[in-house]
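So you can see what is in the structure, the chains are spelled out below.
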Amino acid sequence: MTIFLCGFMGCGKSTVGKLAAKKLGCGFCDTDDLIVRIEELSIPEIFEQKGEPYFRKVEAEIVKSLCGKTVVAACGGGAMLNPDTAKAAADSGAAIVYLDVPFEDCYERIKDDTNRPIVVSSTKEQLEELYNARRSVYQAHSTITIDCSGSPVENADRIAAALRK
């Protein structure tokens, strides 16, 4: 089964995803890492040289290519905002797991991250507005919502338990 983790930047998709994959006995990948490897550019370079719409197009193609694979995939914060991408994932039978983390927790993790173009170009208030706008979309496009207020290990346990039901 393909398991896509979605949520706001800094919610723990990569950290928790690796742990959940181990617990579930399957592989792990990070879609942002795959994009960087394929494009041979950093995410800031892709945004600067090719633009965010290009990045989102590549991101959607990668998500679709993972459908049907036995993997836990940490998606970039914008991946499951695209209705076509979310529909393709859902139609494939994949589990789309929304990692629900309060904005302040996410912000503390991302505020100094220069590898996130949206963070670099936004104020805290703008990021909180983006978080609030995205939250309902993540919920609408996911099949499971996990309260990720615990430690990474506890959150991975919650994901594994939810998927085993």
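The rules behind each value
Residues numbered from 1 in each chain as written. Predicted model: local features only at pLDDT ≥ 70, side-chain atom pairs only at ≥ 80, totals over all residues. Heavy atoms only, no water. Helix = DSSP H or I, 4+ residues; strand = E, 2+ residues; numbered from the N terminus. Rg over C-alpha atoms; globule rule 2.2 N^0.38 Å. Buried < 20%, exposed > 50% of the residue type's maximum accessible area, 1.4 Å probe, protein only. Contact = heavy atoms within 4.5 Å. Lys, Arg positive; Asp, Glu negative; His and termini not counted. Charge placed at Lys NZ, Arg CZ, Asp CG, Glu CD. Salt bridge = Lys/Arg side-chain N within 4 Å of Asp/Glu carboxyl O. Phe/Tyr/Trp six-rings, centres within 6.5 Å; stacked < 30°, edge-to-face > 60°. Arc of directions from axis to C-beta. Core = buried A, V, L, I, M, F, W, Y, C linked by side-chain atoms within 4.5 Å. Expected span 1.5 Å × (residues − 1).

Draft legend 1. Quick peek at the overall build of the chain. Helices and strands together make up the secondary structure of the chain, namely nine helices and five strands. Sequence-ordered secondary structure for the chain, helices as α and strands as β, is β-α-β-α-α-α-β-α-β-α-α-α-β-α. Computed over the C-alpha atoms, the radius of gyration of the chain is 15 Å, within 12% of the 15 Å expected from 2.2 N^0.38 for a compact globule of 165 residues. Its C-alpha atoms give the chain principal-axis dimensions of about 40 × 30 × 25 Å. Within the chain, buried positions represent 47% of all 165 residues. Relative to all contacts within the chain whose residues are 6 or more apart in sequence, the contacts with residues 24 or more apart total 70%. In the chain, 20 side chains carry a positive charge and 24 a negative one; their mean positions are 7 Å apart.

Draft legend 2. Quick peek at the pattern of salt bridges. With the rule as written, the count across this model stands at ten salt bridges. For Glu 39, the salt bridge goes to Lys 50, with nearest N and O atoms at 2.9 Å. Within this pair, whereas Glu 39 is found in helix α2 (residues 31-39), its partner Lys 50 is found in helix α3 (residues 43-50), the two being separated by eleven residues in sequence. According to the relative accessible area criterion, Glu 39 is buried, its value standing at 15%. Residue Lys 50 is classed as partly exposed on the basis of its relative accessible area, which comes to 40%. In this structure, Glu 61 engages Lys 57 in a salt bridge whose closest nitrogen and oxygen atoms are separated by 3.4 Å. Placement of both Glu 61 and Lys 57 in helix α4 (residues 52-66) is noted, with a separation of four residues, approximately one turn of the helix. Residue classification places Glu 61 among the partly exposed residues on the basis of a relative accessible area of 45%. On the basis of relative accessibility, which here comes to 46%, the residue Lys 57 falls in the partly exposed class. Ionic contacts of the salt-bridge type, sharing partners, join the residues Glu 52, Arg 56 and Glu 59 into one network.

Draft legend 3. Seen up close, the packing of aromatic side chains. A complete count under the given rule lists six aromatic pairs for this structure. Chaining the aromatic ring pairs together yields one cluster made of Phe 8, Phe 103, Tyr 107 and Tyr 131.

Draft legend 4. Local environment of helix α6 (residues 103-110). Residues of α6 that are buried include every one of Phe 103, Cys 106, Tyr 107 and Ile 110, and no others. Looking straight down α6, one finds its buried side chains confined to an arc of 100 degrees; they lie on one side. Buried positions along α6 lie against α7 (117-120) and α8 (124-141).

Draft legend 5. View of the nonpolar core. Core analysis: the biggest nonpolar cluster contains 54 residues, and Phe 4, Phe 8, Met 80, Val 97, Leu 99, Leu 127 and Ile 159 have the highest contact counts within it. Ignoring anything within four residues of it in the chain, the contact list for Leu 99 reads Leu 5, Cys 6, Gly 7, Cys 11, Gly 12, Lys 13, Ile 146, Cys 148 and Ile 159.

Draft legend 6. Inspection of α4 at higher detail. End to end, α4 covers 21 Å across 15 residues, agreeing with the expected 21 Å (1.5 Å per residue, within 8%). Of the residues making up α4, those classed as buried are Phe 55, Arg 56, Val 58, Glu 59, Ala 60, Ile 62, Val 63 and Leu 66. Once α4 finishes, Gly 68 follows within two positions and takes phi at roughly 90 degrees, a positive value.

Draft legend 7. Structural detail: the environment of Phe 47. Along the polypeptide, Phe 47 turns up in helix α3. For the pair Phe 47 and Leu 5, spaced 42 residues apart in sequence, the C-alpha separation works out to 22 Å. Setting aside its immediate chain neighbours within four residues, Phe 47 contacts Glu 52, Phe 55, Arg 56, Pro 117 and Ile 118.

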